[in-house]
Amino acid sequence: MAGLALRAAGDELAAQRALDDAVDWVRRRALPQVPAPFIDSFLHRNPVNRELLALAGAAPRG
């Protein structure tokens, strides 16, 4: 993830911006397309989304 690379490079501001953008994309673009029976899996069991939301300090919603 870009946020991790930026954080490792020492650019915390850019890292947080990248993570915020990624979380925004998951919540505003992808999540509305996920059928209701799969929302829990999409947010909590998908390893990429789960790690992204944890890194961004965002509690999964849905």
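Rules used throughout
- Residues numbered from 1 in each chain as written.
- Predicted model: local features only at pLDDT ≥ 70, side-chain atom pairs only at ≥ 80, totals over all residues.
- Heavy atoms only, no water.
- Axes fitted to C-alpha atoms, helices over the stretch in contact; angles between N-to-C directions.
- Helix = DSSP H or I, 4+ residues; strand = E, 2+ residues; numbered from the N terminus.
- Parallel < 35°, antiparallel > 145°, perpendicular 65-115°, else oblique.
- Left-handed = near helix turned anticlockwise from the far one by under 90°.
- Contact = heavy atoms within 4.5 Å.
- Nonpolar A, V, L, I, M, F, W, Y, C, P; charged D, E, K, R; others polar.
- Patch = residues over 30% accessible without salt bridge, like charges linked within 9 Å, V, L, I, M, F, W, Y side chains within 5 Å.
- Areas by Shrake-Rupley, 256 points an atom, 1.4 Å probe, with all protein chains shown as cover.
- Salt bridge = Lys/Arg side-chain N within 4 Å of Asp/Glu carboxyl O.
- Core = buried A, V, L, I, M, F, W, Y, C linked by side-chain atoms within 4.5 Å.
- Buried < 20%, exposed > 50% of the residue type's maximum accessible area, 1.4 Å probe, protein only.

*Asks:* Explain the packing of helix α2 (residues 12-30) against helix α4 (residues 47-55) residue by residue, including any values.
*Replies:* One can describe the packing of α2 onto α4 by two numbers: an axis separation of 9 Å at closest approach and a directional angle of 130°. Looking at the two axes, α2 sits oblique to α4. Between α2 and α4 lies a crossing whose hand is left-handed. Residues Leu19, Ala22, Val23, Val26 and Arg27 of α2 touch α4, and the partners they reach there are Asn49, Leu52, Leu53 and Leu55. Its residues assigned to classes, the contact of α2 with α4 comprises seven nonpolar, one polar and one charged.

*Asks:* If you had to explain a nonpolar patch on the surface to someone new, which residues and values would you point to?
*Replies:* There is a patch of nonpolar side chains on the surface, built from Met1, Leu4 and Val48 and spanning about 240 Å² of accessible area. Position of Val48 relative to the elements: it lies in helix α4.

*Asks:* Report on the nonpolar core, specifying residues and quantitative values.
*Replies:* One finds Leu19, Val23, Val26, Ala30, Leu31, Val34, Phe42, Leu43, Leu52, Leu53 and Ala56 forming the largest nonpolar core, which totals eleven residues. Counting residues per element, the ones that place at least two in this core are α2, α3 (39-45) and α4. Residue contributions to this core peak at four residues, all from α2. Each residue touching Val26, except ones within four places of it in the same chain, is listed here: Leu31, Phe42, Leu43, Asn49 and Leu52.

*Asks:* Summarise the pattern of salt bridges; cite the residues concerned and give the values.
*Replies:* Taken as a whole, this structure holds three salt bridges when the rule is applied. Arg45 is paired through a salt bridge with Asp40; the nearest N and O atoms lie 2.5 Å apart. On the basis of relative accessible area, Asp40 is assigned to the partly exposed category, the value being 34%.

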